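This is what each chain is made of:
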Amino acid sequence: MRLLRAEMAVLGFALVVGAFASQARADFLDQAWMRGNEAHLRGDYAGAAAAYQQLDKQRVVSADLYYNLGVTYFRLGQLGRAIWAFERALVVAPDDEDARFNLTQARKLTDQRAHDKLEGAEREPLWSRVVTFFSPSTEVWLFCGLYLGCFVLLFVRRRLAEDSRLAVTTAAAVLGTTALLAGTLLLGRMNLDRIPFAIVLPDTVTVKEGADSNFRTSFEVHGGLRVRVLDHEQDWVRVRLANGLEGFVRAEDLGLL
Amino acid sequence: MRALTCLVATSTLLFATTAFGQGTSFTSRLGRNPVGVGEAFPFEVSLSLDNARMEDYRPPDFRGFRIVAQQPSQSTQIQMGGGGGFMRQIYTWNYQLVALQKGKLTIAPASVRVDGREMRTEKVSVTVVDSGQAQPSPQPRQQLPRGVPGFPGANFFFPDLDTDTEPVSPPEPAKPAGRRNFLRVVPSKTKAFAGEQITVEWQMYLTERQNNYAPTKEPRTDGFWAEELEVPQNRGGLSLSEQVLEGRVYLFAPLMRKALFGLNPGKYTITPLEADISRVDFFGATVHSEHLKADPVTMEIVPLPAGAPAGFDPSAVGKFSMAAEVDRDHVQVGEAITLKLRVDGQGNLRKIALPGMPRLDGWKVYEPKINVQMNRGDVVGGSKTAEYLLLPERSGQTTLPAFSFSYFDTHKGAYSTVKTEPLHLVVTGEAATAQGPHTTTPVAAPAASGGENLLTLDVRPLRSRPSLRRDLGSALYHSPALLGVAIAPPLLLGLVSLFGVARTRLGQETEGKRRRKLRRSANRRLHTATAHLREGRLAPSLGEIERVLSEFLTGKVGRPVAGMSREELRAALASMGAGPSLTESTVTALDTCDRARFAPGSIHPEEASRAIDRASEIIEAFERLPSSAGAQA
């Protein structure tokens, strides 16, 4: 009993310390967020972008953050970066109407400047569309809820009389099976993310045949184009276009999704 | 003398090359020559640019020297004159070097690319002599290093060679008792109408010059619309001046000013500004640091008086005027005109809503382009303009009605309304002949593609929530904690099951455990019996012996022996494998105890003592019996 009390005290202390640390971090992030918003409203778009980038470096995942970053890049005329930011907002929140609208606007504008028409571009495979049907957040909460629910029922089952166990076992089995499906979706998405997508950031990027600027130019792509990242070689990245074309671009010219 | 000549020569050279309008210069200079082995001396590389781009700076090869400190810095010089203005970027790399060996050493050139062209400094020869033989470096004018990050007047390594010198600060006054460094917050008022400007300034008071200032916590202005105001600065750093406060002299610097506009009535607190200040020594090591914190300020925002005109925007508090104009009043069908609606004045212009555009028959009205010009002096003001693109769809005359704008005048303490004059527009031409690209629904297109409206191709506005909304699910997706969530429940369930099994097993009583338990209980009772005997209480002592034998034998036999006749007891003990002498000895001991119970006077102390010894021997003898015998019993 004494041991249990000590464990509870340690757990409580850890929770309190964690809560304080979490609150301090939240305050810091909110300040950077407000600084970015105020700079944007002042018309200081470079300052706003710097504040939002600081949040991005802190690994903050927020559709609002990417949305505002996208609007700021749009105002700065950096359409490739704006498209990247709106795409990221949609990765976090696929049903964000504002981000989708702004992404369309930014793409229209880039298309007027230069349009990459990919001959023979293939559609995303079915499994890829299935695992990305829900947002990562939805998949995570679905999996965690079902999985933890299943185990809670298994714990409860241990305490029940023999005749009440069947119903609880059945419910746990249903939850467990559904959790398995949600987990499969999640694993599928993680597998898909292992070969990530990226957005071309500058207005024009020359794609080389090898990982050096001295290699021959294969073709050109333009800001906002979505590519797959296959491999890294120092500060160069091997990319594949939707129609299968491949080449090397500088890593700094791509924004990972 | 030689060192002085060197210094004068280098200063002259630097002055000559860094004069405004002289183009690009790239120089290096030595703090003193000769230097002693192991003595630190300064070396500086300086690049001065006029509208050029610098890249790929390569420091000199300091072979034979050790770099003990280095500090790059950048400054901009602007000069306005009759012949126009000059802007110059100056990059400086300061090094603090130590010579490792005696002799004549050479510092190789530094190189840099300016607009694609490579530039190099001259090689510099250094005479290194034995330690202590070199002439001392010139004494700086001030003991404290001037200007380092955040403070003006900086030349960290060459306080006397600073070509961009500023007046030397007067000797700092003696520090009166009770002075301390502190931050102060000064609001222009603490009670205001909703939407009325309150100017808040954060100030720093120092007892002596510091080298670094770094804000660690910005004040939060929840409940207010905040606009940053300009504060005086000195070459990008803080502007320090002397100020007397409560009879004491301080170095004073305004840190930050904000114009706050209360959004809703109520009491709101502005959290404190917090900052760190520090002083560093010659090599940049911190010799003093301090954390400063201003006080919080509570403001009371009161509602605006009743009687607001219809269409009044609660943000329109201050003093305003309004004007409306069109770029032309005679147009052809299909040709666009621009209507500019402009509000000037003092107040929260960014937030105020301009009057809406009425519906105009025969005109297509596009979404306005809003432009705000702000002045950030003591009072926030400026202008807000809405540019409407109007496209006539048929000929005729149109009158744009007057626009009206109501606001609360804080000087008069009353509501006012300003109005524009009506505008008359004449449209000529035939709608049928004007059918073409201009009259079709405008689509997103660049201006270069010819007259289509670019205003439609805009993005939706910023999200200015007061706090950042984070997506915990997505954060968890990218975090290793998700693996923990997957592993923890089955692990916990396994541990709980294992614990349950272990507890069940530990709870079962084994033969050995039962024997140990019996032995412990017997020893305890024999000890009690001995204690009774020692105090002369014979009956309780023998009572304990009876209890110990009964309990022990009950445990061994597996059923109570208290109710057995002596014959039954003998049979039971024999069945356990006890020999006749042990059986008789046991029965005799129990008889002695019975006697003591019914005739206490018949027992002598020696007999009681022997009974205790006998009981102990009996227990040991039963313990030695094979366990199978006991089990059979």
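Residues numbered from 1 in each chain as written. Chains lettered and ligands numbered in written order. Predicted model: local features only at pLDDT ≥ 70, side-chain atom pairs only at ≥ 80, totals over all residues.

1. Some details on the overall build of chain B
Point 1. In terms of regular secondary structure, chain B is built from nine helices and 33 strands.
Point 2. Within the span of chain B, comprising 633 residues, buried residues form 24% of the whole.
Point 3. Considering only contacts within chain B whose residues lie at least 6 apart along the sequence, 71% involve residues at least 24 apart. (Helix = DSSP H or I, 4+ residues; strand = E, 2+ residues; numbered from the N terminus. Buried ≥ 20, exposed ≤ 12 C-beta atoms within 10 Å, placed from the backbone. Contact = placed C-beta atoms within 7 Å.)

2. Concerning the overall build of chain A
Point 1. Tallying secondary structure elements over chain A gives eight helices and seven strands in all.
Point 2. Here chain A holds 257 residues, and 33% of them are scored as buried.

3. Digging into helix α3 (residues 481-507) of chain B
Point 1. Look at α3(B): 38 Å from first C-alpha to last across 27 residues, which is about the 39 Å you get at 1.5 Å a residue.
Point 2. Remark: the principal bend of α3(B), roughly 30°, maps to B:Ile487, with a proline, B:Pro489, within the next four residues. (Expected span 1.5 Å × (residues − 1). Bend = angle between axes of the 7 residues up to and from the residue.)

4. Describing the pairing of strand β6 (residues 246-250) of chain A
Residues and elements named next belong to chain A.
Point 1. One ladder, built from five bridges, connects strand β5 (residues 236-240) with β6; its direction is antiparallel. Within the sheet, the bridge partner assigned to Trp236 lies in β6 and is Arg250.
Point 2. The antiparallel hairpin formed by β5 and β6 contains five residues in its connecting segment, where Gly244 sits at a positive phi of about 100°. (Pairing = 2+ DSSP bridges.)

5. Some words on the confidence of the model for chain A
Point 1. Averaged over all residues, the pLDDT of chain A is 85; the fraction at 70 or higher stands at 91%.
Point 2. Put simply, helix α1 (residues 2-42) of chain A is where chain A has its lowest mean pLDDT, 75, and β6(A) is where it has its highest, 92. (pLDDT = per-residue confidence, 0-100.)

6. Brief notes about the interface of chain B and chain A
Point 1. Each partner contributes to the interface: chain B provides 29 residues, whereas chain A provides 38 residues.
Point 2. At the level of elements, α2 (472-477) and α3 of chain B are the ones that each hand at least two residues to the side of chain B that touches chain A.

7. What to know about the sheet that holds strand β12 (residues 191-193) of chain B
All names here are of chain B.
Point 1. If you trace the three strands from one edge of the open sheet to the other, you get β12-β23-β20, paired in mixed fashion. In this open sheet, the two edge strands, each paired with only one partner strand, are β12 and β20 (266-270). Taking the axes of each pair of neighbouring strands and ignoring which way they run, one obtains an average angle of 30° across the sheet.
Point 2. Examined bridge by bridge, β20 and strand β23 (residues 297-302) share five bridges and lie antiparallel to one another. (Axes fitted to C-alpha atoms, helices over the stretch in contact; angles between N-to-C directions.)

8. A look at unusual backbone geometry
All names here are of chain B.
Point 1. Phi at Asp56 is positive, roughly 55°, even though this residue is not glycine.
Point 2. Checked against the element boundaries, Asp56 lands in strand β4 (residues 54-58).
Point 3. The phi angle at Asp115 is positive, at roughly 50°, despite the residue not being glycine.
Point 4. You can see Asp115 is positioned in the loop between β8 (111-114) and β9 (117-120).

9. Here we look at the packing of helix α7 (residues 136-159) of chain A against helix α8 (residues 165-193) of chain A
Residue and element names in this part refer to chain A.
Point 1. Between α7 and α8, the least distance of the axes is 8 Å, while the angle of their chain directions is 155°. One finds that α7 runs roughly antiparallel with respect to α8. Seen from above, α7 lies across α8 with left-handed handedness.
Point 2. Residues of the contact of α7 with α8, tallied by class, amount to 18 nonpolar, five polar and four charged. (Parallel < 35°, antiparallel > 145°, perpendicular 65-115°, else oblique. Left-handed = near helix turned anticlockwise from the far one by under 90°. Nonpolar A, V, L, I, M, F, W, Y, C, P; charged D, E, K, R; others polar.)

10. Considering the pairing of β5(A)
Residues and elements named next belong to chain A.
Point 1. By the bridge criterion, five bridges tie strand β4 (residues 226-233) to β5 in an arrangement that is antiparallel. Among the inter-strand pairings, Val229 is bridged to a residue of β5, identified as Val239.
Point 2. Hairpin connection between β4 and β5: a loop of two residues separates the two successive antiparallel strands, and Gln234 in this loop has a positive phi of roughly 50°.

11. Brief notes about the confidence of the model for chain B
Residue and element names in this part refer to chain B.
Point 1. For chain B, mean pLDDT is 76; residues scoring 70 or higher make up 81% of the total.
Point 2. Throughout residues 136-177 the model reports pLDDT below 50, and contacts reaching past four residues in sequence, or to other chains, amount to 65 contacts.
Point 3. The low-confidence segment residues 432-455 (pLDDT under 50) makes 27 contacts with residues lying over four places distant or belonging to another chain.

12. Quick notes on the nonpolar core
Point 1. In terms of nonpolar packing, the biggest core is built from 51 residues, with A:Phe86, A:Ala89 and A:Ala106 touching the most fellow members.
Point 2. A total of 10 residues in this core trace back to one element, the largest contributor, which is helix α4 (residues 79-92) of chain A.
Point 3. Two domains share this core, each providing at least three of its residues, namely domain 1 (15-113) and domain 3 (197-256) of chain A.
Point 4. Discounting chain neighbours no more than four positions away, the residues touching A:Ala89 are A:Ala63, A:Tyr66, A:Tyr67, A:Gly70, A:Asp96 and A:Ala99.
Point 5. With 30 residues, the next largest nonpolar core counts B:Phe193, B:Leu339, B:Tyr388 and B:Phe408 among its residues. (Core = buried A, V, L, I, M, F, W, Y, C linked by C-beta atoms within 7 Å. Domains from an automatic or database assignment.)

13. Focus: the environment of A:Thr178
Point 1. The topology assignment puts A:Thr178 in helix α8.
Point 2. Since 17 C-beta atoms lie within 10 Å of it, A:Thr178 is described here as partly exposed.

14. Some details on the sheet that holds strand β7 (residues 103-107) of chain B
Each strand in a sheet pairs with another by means of backbone hydrogen bonds, the pair being arranged parallel or else antiparallel.
Residues and elements named next belong to chain B.
Point 1. With mixed pairing, the three strands of this open sheet are ordered in space as β2-β10-β7. Where the open sheet ends on each side, the last strands, each with one partner, are β2 (35-36) and β7.
Point 2. Strand direction decides the pairing type here: β7 and strand β10 (residues 124-129), joined by five bridges, are antiparallel. Paired with Gly103 across the two strands is Val128, which belongs to β10.

15. Structural notes on the packing of helix α4 (residues 511-534) of chain B against helix α5 (residues 538-557) of chain B
Between two packed helices, both the angle of their axes relative to each other and the distance between the axes serve to describe the pair.
Residue and element names in this part refer to chain B.
Point 1. With their axes 8 Å apart at the nearest point, α4 and α5 run at an angle of 170° to one another. By the angle between their directions, the pair α4 and α5 is classed as roughly antiparallel. Touching Arg514, Leu518, Ser521, Ala522, Arg525, Leu526, Thr528, Ala529, His532 and Leu533 of α4 are Leu538, Pro540, Ser541, Glu544, Ile545, Arg547, Val548, Glu551, Phe552 and Gly555, all from α5.
Point 2. Residues belonging to the contact of α4 with α5 are distributed by class as follows: 10 nonpolar, five polar and five charged.

16. A look at helix α5 (residues 97-113) of chain A
Residue and element names in this part refer to chain A.
Point 1. The terminal C-alpha atoms of α5 lie 25 Å apart, and with 17 residues this matches the ideal 24 Å at 1.5 Å per residue to within 8%.
Point 2. When α5 is considered as a whole, its buried residues turn out to be Ala99, Asn102, Leu103, Gln105, Ala106, Leu109 and Thr110. Each buried residue of α5 sits inside an arc of 165° when the element is viewed along its axis, so together they form one side.
Point 3. Tucked inside the fold, the buried residues of α5 contact α3 (63-76), α4 and β3 (217-222). (Arc of directions from axis to C-beta.)

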